[in-house]
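Inside the fold
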Amino acid sequence: MTDGASGLIPAAGVPLLRLLAETSGLRGHASAALTVPGFHPGHDRGQVLIDVAIGLAMGATSARAAMDTVASAAPATGPIASPVTAWRLFGEELDAATLERLTRARAAHRRHMWSLLAARPQGFPWLSVAGHTWDGWTVVDVDASLVESHSEKEGAAPTYKKHVFGLHPILVTCANTGEILAILLRPGNAGSNTTDDHITVLTEAIAQIPARYRRKIIFRSDGAGATKGLLAWIKKTAAENGYTWHYSVGFDVTEPIRTAITEVPATAWSCAITPEGKVRDRAYVADLTGLLDLARDEDGWPGGMRVHARLEPLHPKHRKNASDIEKRRGQRFQAIAHDLPGHHHPRQDAFHRDHADVESVIKEGKNLGLRRLPFYAMAANQAWCHAVALATDLLAWLRLLIIDHHPVLATATPATLRRLLFHVPARLVRSARKRLIRLCADHPHTIDLINAWHKTRALAVPP
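Computed from a predicted model, the values in this text were never measured in an experiment.

Some thoughts on the overall build of the chain
For the chain, the helix and strand inventory stands at 18 helices and 17 strands. The C-alpha atoms of the chain give a radius of gyration of 24 Å, which matches the 23 Å a tight globule of 463 residues would have. Each principal axis of the C-alpha atoms in the chain carries an extent, and together these give about 80 × 50 × 45 Å. Taking all 463 residues of the chain together, 54% fall into the buried category. The contacts in the chain between residues at least 6 apart in sequence include a share of 67% that link residues at least 24 apart. Just so you have it, the chain exposes about 20900 Å², and 52% of that area is on carbon and sulfur atoms.

Shown next as structure tokens:
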């Protein structure tokens, strides 16, 4: 055994993601947003932020680990900022005004990326559920999640799960693309159905959506979104802007709901279907609207709201919290409130159940750095959430634009992408005055990585 090897790159995914950020224009937008007049840093701050996001995509969980991961590809990328520089960026430089500029820059860049998505042969990724394509509809999912903290971080507090101590962010994702549009970091004791917080984060998320795609939006949420204030805001904002917005939210199964369910004739129940379009065994849906007094006045639920019930076998894990009538019938009662177009109850129910996919995006976000917030200050951790969102977006665009032809990679989780594609070893060589990244010839995904590289280089850089 001897030394002397040079130009080694342990993970070819680093230069690939860096190239994607550069050719798509993301790095340029980030750099413009983070430029401070009169301040000329040794390392471009937009590039530092992008490098942290790439490090998170590669599996890092801290600013130091992220910069070290990217630095391992220095033969191909050139000099990388130090972890101290990245730490200073999040802890001192990314203040509220700078994050606001960064948010606007992300929105401008997203307009370009969505134009590329629309230009694909298969077109923009409209959501398809239970055999029905919601053509022309942008589907926005909102959900809260707990981020556990093992130290006294600012804002960390006991959560509604008494054994969990941490923070309680709200995330807004786009079901069409898998992007994280906005993250609002909140104290751990923040309520799950706080109307003001939902309006704040949804306002930021809507600003991320290109104007032409804001005209027709469907908002989906679990029961935390079923507040009169939030639904009224959705309908009011849509009316003021001439938009067509709908909602589908979980609805509390109160005593009037249970009573209405028992009054539904057996012939009025329809078989429930899964988001994949298959009939769900022993599950049924029905419209309860006519059996309820929703008090549709200025202080009640918005006009046009419908309530659907769903029955399914009572699982043992739900039996403890089940009502007496649910236990007697051996069925679990669930309900949703919505104003979705059409009257196909099973398909509307399946569309709402598809909201569960937001859990996958949140899980992905936690796999990309949200599981561990590395700073003490709330402001620094909010800035860290922007890096998490950037990492999620990079992988979403990679799947939709670069590796969309591959049946496995196009739907792969971050962990799978790392294992199959990103952590392919390589070497930087020079030939005929050119720098080439040489991959292992016998790696099963070498050709996929080469194709991804060429497709990424061919992306049209925005003006």
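Once you've had a look at it, read on.
Observations concerning the side chain of Q331
Here Q331 shows up in strand β15 (residues 331-338). Reaching out from Q331, the side chain makes a polar contact with the side chain of R329 at a distance of 3.0 Å. Beyond its immediate stretch of four places on either side in the chain, Q331 contacts L311, E312, P313, L314 and E326.

Describing the packing of helix α15 (residues 357-370) against helix α16 (residues 378-402)
Packing of α15 against α16 leaves a shortest axis separation of 9 Å and a crossing angle of 120°. With respect to their mutual orientation, α15 and α16 come out oblique. Once α15 is placed against α16, the crossing between them reads as right-handed. Residue-level inspection shows E364, G365, L368, G369 and L370 of α15 in contact with α16, the latter providing W384, C385, V388, A391, T392, L395 and R399. Here the contact of α15 with α16 is built from residues that sort into seven nonpolar, three polar and two charged.

Quick word on the pairing of strand β13 (residues 279-287)
Along any regular strand the residues' side chains alternate between the sheet's two faces. Sheet analysis places strand β12 (residues 270-273) next to β13, joined by three bridges and oriented antiparallel. Bridging across to β13, C271 finds its partner in Y284. Counting the residues that bridge the hairpin from β12 to β13 gives five residues, and of these G277 lies at a positive phi of roughly 95°. In this sheet, strand β14 (residues 306-313) lies alongside β13 in antiparallel orientation, the contact comprising four bridges. The partner of Y284 across the bridge, within β14, is L311.

Things to note about the side chain of R120
In this fold, R120 is placed in the loop between α7 (96-118) and β2 (128-129). Buried and unpaired, R120 has D404 as its nearest opposite-charge partner, separated by 4.6 Å. When residues no more than four places from it in sequence are discounted, the contact partners of R120 are P125, L400 and L401.

Structural notes on the pattern of salt bridges
In the structure shown here, the tally under the stated rule is 20 salt bridges. For the salt bridge of R280 with E312, the shortest nitrogen-to-oxygen distance reads 3.6 Å. Pair noted here: R280 is in strand β13 and E312 is in strand β14, with a separation of 32 residues, a long-range link. On the accessibility criterion, R280 (36% relative accessible area) is partly exposed. Linked through salt bridges whose partners overlap, the residues forming this network are R280, R310, E312, R332, D349 and R353.

So, the nonpolar core
One finds V52, F90, F251, L288, M305, V307 and W384 to be the most contacted residues of the largest nonpolar core, which totals 130 residues. Considering each element in turn, this core owes the most residues, 17 residues, to α16. The residues contacting F90, other than those within four sequence positions of it, are L49, V52, F375, A380, A383, W384 and A387. Grouped together as the second largest cluster of nonpolar side chains are eleven residues, V129, W134, V139 and A350 included.

Comments concerning helix α2 (residues 26-34)
L26, A30, S31, A33 and L34 are the residues of α2 that are buried. Viewed end-on, α2 has its buried residues packed into an arc of 165°, placing them on one side of the element. In this fold, the buried residues of α2 make contact with α1 (13-23), α3 (45-57), α7 and α16.

A closer look at α1
The element α1 is extensively covered by neighbouring structure, given that ten of its eleven residues are classed as buried. Every buried residue of α1 is accounted for by G13, V14, P15, L16, L17, R18, L19, L20, A21 and T23. In the stretch just after α1, G25 is the one whose phi turns positive, near 95°.

Brief notes about the environment of K363
Among the structural elements, K363 can be located in helix α15. Residue classification places K363 among the exposed positions, given a relative accessible area of 61%. For the pair K363 and T413, spaced 50 residues apart in sequence, the C-alpha separation works out to 9.6 Å.

Section: the sheet that holds strand β16 (residues 426-431)
The strand order across the open sheet built from three strands is β1-β16-β17, with neighbouring strands paired in antiparallel fashion. Strands with a single pairing partner mark the edges of an open sheet, and in this sheet they are β1 (8-9) and β17 (434-439).

Considerations on the packing of aromatic side chains
Applying the stated criterion across every chain yields a total of 14 aromatic pairs. With a centroid separation of 4.7 Å and 55° between ring planes, the pair formed by F124 and W126 is classed as tilted. Judged by relative accessible area, which is 6%, F124 ranks as buried. When the ring of W233 is compared with that of W245, the centres are 6.5 Å apart and the planes differ by 45°; the resulting orientation is tilted. Placement of W233 in helix α10 (residues 228-241) and of W245 in strand β11 (residues 244-250) is noted, with a sequence separation of twelve residues between them. We classify W233 as buried; its relative accessible area is 18%. Pairwise contacts between aromatic rings join W87, F90, F375 and W384 into one cluster.

About the cut-offs
- Residues numbered from 1 in each chain as written.
- Predicted model: local features only at pLDDT ≥ 70, side-chain atom pairs only at ≥ 80, totals over all residues.
- Heavy atoms only, no water.
- Helix = DSSP H or I, 4+ residues; strand = E, 2+ residues; numbered from the N terminus.
- Rg over C-alpha atoms; globule rule 2.2 N^0.38 Å.
- Buried < 20%, exposed > 50% of the residue type's maximum accessible area, 1.4 Å probe, protein only.
- Contact = heavy atoms within 4.5 Å.
- Areas by Shrake-Rupley, 256 points an atom, 1.4 Å probe, with all protein chains shown as cover.
- Polar contact = N/O pair within 3.5 Å; in protein donor to acceptor, adjacent residues only side chain to side chain.
- Axes fitted to C-alpha atoms, helices over the stretch in contact; angles between N-to-C directions.
- Parallel < 35°, antiparallel > 145°, perpendicular 65-115°, else oblique.
- Left-handed = near helix turned anticlockwise from the far one by under 90°.
- Nonpolar A, V, L, I, M, F, W, Y, C, P; charged D, E, K, R; others polar.
- Pairing = 2+ DSSP bridges.
- Lys, Arg positive; Asp, Glu negative; His and termini not counted.
- Salt bridge = Lys/Arg side-chain N within 4 Å of Asp/Glu carboxyl O.
- Core = buried A, V, L, I, M, F, W, Y, C linked by side-chain atoms within 4.5 Å.
- Arc of directions from axis to C-beta.
- Phe/Tyr/Trp six-rings, centres within 6.5 Å; stacked < 30°, edge-to-face > 60°.

Geometric descriptors of this kind do not, in isolation, establish any biological role.
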